[in-house]
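Here are the chains, one letter per residue:
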There are 2 protein chains.
Amino acid sequence: MRALLVPSREGLSSAQPPEVSSGAVRGADEALFRPIRGGNAFEETVERLLSTLRLGVVAPGGRLPPGRELAARLGVSRATLREALATLQTAGYLESRRGRYGGTFVVATPSPGSGLAPGGRSAAEIDDVLAFRQVLEAGAAEAAAARSLTRADREHLTARLAECTGTGQADYRRLDSRLHLAIAEVAGSPSLTTAVVDVRSRVNELLDAIPLLAPNIEHSDRQHAAIVTAILAGDPPGARRTMAEHLAGTAALLRGFLT
Amino acid sequence: MRALLVPSREGLSSAQPPEVSSGAVRGADEALFRPIRGGNAFEETVERLLSTLRLGVVAPGGRLPPGRELAARLGVSRATLREALATLQTAGYLESRRGRYGGTFVVATPSPGSGLAPGGRSAAEIDDVLAFRQVLEAGAAEAAAARSLTRADREHLTARLAECTGTGQADYRRLDSRLHLAIAEVAGSPSLTTAVVDVRSRVNELLDAIPLLAPNIEHSDRQHAAIVTAILAGDPPGARRTMAEHLAGTAALLRGFLT
DNA sequence: CTCCAAAGGTCCACGTCGAGCCCAATGCCC
DNA sequence: GGGCATTGGGCTCGACGTGGACCTTTGGAG
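Residues numbered from 1 in each chain as written. Chains lettered and ligands numbered in written order. Predicted model: local features only at pLDDT ≥ 70, side-chain atom pairs only at ≥ 80, totals over all residues. Heavy atoms only, no water.

Visitor: So what exactly am I meant to see when it comes to the packing of helix α7 (residues 169–186) of chain B against helix α9 (residues 214–232) of chain B here?
Guide: Two measures define how a pair of helices packs: the angle their axes make with one another and the distance between the axes. Residue and element names in this part refer to chain B. Between α7 and α9, whose axes approach to 12 Å, the crossing angle comes to 20°. Relative to α9, the element α7 is oriented roughly parallel. The element α7 and its partner α9 pack so that their crossing is left-handed. Contact residues: Q169, Y172, D176, L179, H180 and I183 in α7; A214, I217, S220, D221, H224, I227, V228 and I231 in α9. In terms of residue class, the contact of α7 with α9 is built from eight nonpolar, four polar and two charged. (Axes fitted to C-alpha atoms, helices over the stretch in contact; angles between N-to-C directions. Helix = DSSP H or I, 4+ residues; strand = E, 2+ residues; numbered from the N terminus. Parallel < 35°, antiparallel > 145°, perpendicular 65-115°, else oblique. Left-handed = near helix turned anticlockwise from the far one by under 90°. Contact = heavy atoms within 4.5 Å. Nonpolar A, V, L, I, M, F, W, Y, C, P; charged D, E, K, R; others polar.)

Shown next, in the form of structure tokens:
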């Protein structure tokens with residue numbers, strides 16, 4: 001196909017003598033030469049906001065940061081942000097109110113079968129996401145257990161666990177995501193948190209395409225409790241193991257339901 | 001400071017009744033509301049190309065993909081790419097030759113004390129990078145060992161290991177990076193490879209600021225061999241453990257040398 | 001020796017996006 | 001009840017970046 005990174009031929013006219021120069025490095029160049037931009041600013045902004053809703057970071061009824069501040073944090077202009085917000089308003093997810101103490105509020109979270117987030121998952125992409133998630137989330141659980149957590153960390157974890165346990169199907173995905181994010185947060189590495197947020201968002205897109213069964217929720221609840229217990233107990237291998245089991249369950253479910 | 005994600009007040013005039021709406025989610029919103037763009041296209045392109053050089057994906061004497069193709073893969077216009085290439089030319093890293101079988105060639109790799117990549121690492125950022133790297137690379141080693149590797153995978157690994165073993169200081173960083181990237185590649189998840197590329201690039205920036213000692217190289221060589229052996233033997237826990245030990249060594253070195 | 005393919009070098013018209021500004025609405029505080 | 005702070009809504013201007021067409025250089029193929 002391509003013929004990149006070829007060894008420089010013998011007998012170059014001038015300049016430094018070429019030396020060794022290796023063969024291709026297979027996957028790494030595809031990662032390095034991947035697109036700089038994910039798309040135009042508008043699309044990226046919509047995607048980011050959708051992730052925020054899907055992950056339940058802002059719950060229904062909650063308010064997004066004011067337009068000016070949000071635009072600044074996202075590094076886009078207010079015009080672009082407002083375009084994105086308008087799109088999500090017409091889609092029925094958001095609602096804006098003017099005046100002091102106004103703002104943009106979450107009306108509903110994008111649930112199964114939303115018009116956005118079109119399909120097109122290849123088997124390879126599913127394997128990719130699941131493998132990546134395995135590495136990130138199991139690592140996060142282990143790292144969280146290895147840290148000496150603050151009181152706030154512990155309360156944050158137990159609060160998210162309690163919130164998630166014994167909830168109806170309606171809110172389960174959102175609260176489940178929040179618990180997983182909380183684990184990443186208390187691991188203490190912002191980069192890790194960011195990565196988990198991203199991969200979790202991709203996983204949620206997949207999950208939204210399959211049904212949610214009561215037995216699975218119960219099972220997940222028990223696993224969640226075991227994970228949090230191991231983290232609070234400062235047991236890194238245990239946290240990793242229980243998290244790995246938990247993830248394996250979801251992975252099997254996804255692989256079963258998706259082609 | 002900020003007052004985001006506040007619970008919606010009681011008694012909203014209209015629309016859906018507000019319901020629960022949680023407290024803030026601490027770190028996750030900072031990840032979700034992080035900047036969409038890392039900077040302008042030119043800067044991002046320069047950064048990406050610098051990473052390519054630092055990681056040794058294109059060795060000195062090697063050729064970059066043709067401008068048109070590289071621009072397409074990076075998702076930037078030729079004008080922007082050429083600006084970036086020109087910058088790296090004047091910095092002495094690249095050299096362009098016209099005509100058929102011409103192209104842009106690597107002259108030197110940015111080594112310690114390069115004018116680019118200014119300092120400014122806070123202790124928190126160092127901890128962040130190292131923790132993230134621990135998760136990613138240990139996870140990659142484990143995942144690689146868990147997979148049934150193809151013949152090509154095995155050869156790729158052993159080749160990178162051999163290349164790296166017993167090299168002088170001049171090329172060590174580059175070849176070391178290539179070995180680590182190879183491990184990520186054979187783990188079989190493109191997303192994981194991308195993440196490792198990114199974090200490895202950040203680590204290399206740090207490493208370029210500290211000296212490279214012969215005893216450390218020897219030690220690393222032995223650890224590298226143990227890691228590859230564990231992966232080829234299909235021993236996930238062993239691969240994880242040896243990789244973790246290897247990373248801990250580098251981490252201690254970095255923490256020692258950097259403030 | 002000629003032609004041609006493949007690469008870098010240059011230019012310009014157009015679209016996208018960001019910065020700044022002002023307007024409109026809304027509800028608390030005095 | 002008036003002022004005012006805060007929020008969304010809308011506008012214009014300028015810079016950056018893209019896409020495309022075109023030229024120039026170079027070395028191999030015929």
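Visitor: Teacher, can you tell me more about helix α10 (residues 236–257) of chain B here?
Guide: Because an α-helix packs 3.6 residues into every turn, residues spaced three or four apart end up facing the same way. Over its 22 residues, α10 of chain B runs 32 Å from end to end, which matches the ideal 32 Å to within 8%, given 1.5 Å per residue. When we look at burial in α10 of chain B, the residues that qualify are P236, G238, A239, R240, T242, M243, H246, L247, T250, A251 and L254 of chain B. For α10 of chain B, the elements touching its buried residues are α5 (123–146) and α10 (236–257) of chain A together with α5 (123–146), α7, α8 (190–207) and α9 of chain B. Two to three positions downstream of the cap, the backbone nitrogen of G238 of chain B sits 3.1 Å from a side-chain oxygen, assigning the N-cap of α10 of chain B to D235 of chain B. (Expected span 1.5 Å × (residues − 1). Buried < 20%, exposed > 50% of the residue type's maximum accessible area, 1.4 Å probe, protein only. Polar contact = N/O pair within 3.5 Å; in protein donor to acceptor, adjacent residues only side chain to side chain.)

Visitor: Help me understand the protein's contact with DNA strand C, please; the structure alone is not making it clear to me.
Guide: DNA strand C sits among 23 residues. The nearest are N40 and T80 of chain A together with G67, R68 and R82 of chain B. Looking at DNA strand C alone, sugar and phosphate atoms form 68% of those within 4 Å of the protein. The contact in question runs from a sugar or linking oxygen of DNA strand C to an N or O atom on the side chain of R98 of chain A, over 3.0 Å. Within the side chain of R78 of chain B, an N or O atom sits 3.0 Å from a base nitrogen of DNA strand C. Counting only elements with at least two residues in the surface near DNA strand C, the list comes to α2 (41–54) and α4 (78–90) of chain A together with α3 (67–74), α4 (78–90) and β2 (103–106) of chain B. When the residues that make up the surface near DNA strand C are grouped by side-chain class, the tally is four nonpolar, nine polar and 10 charged. (Near = heavy atom within 4 Å.)

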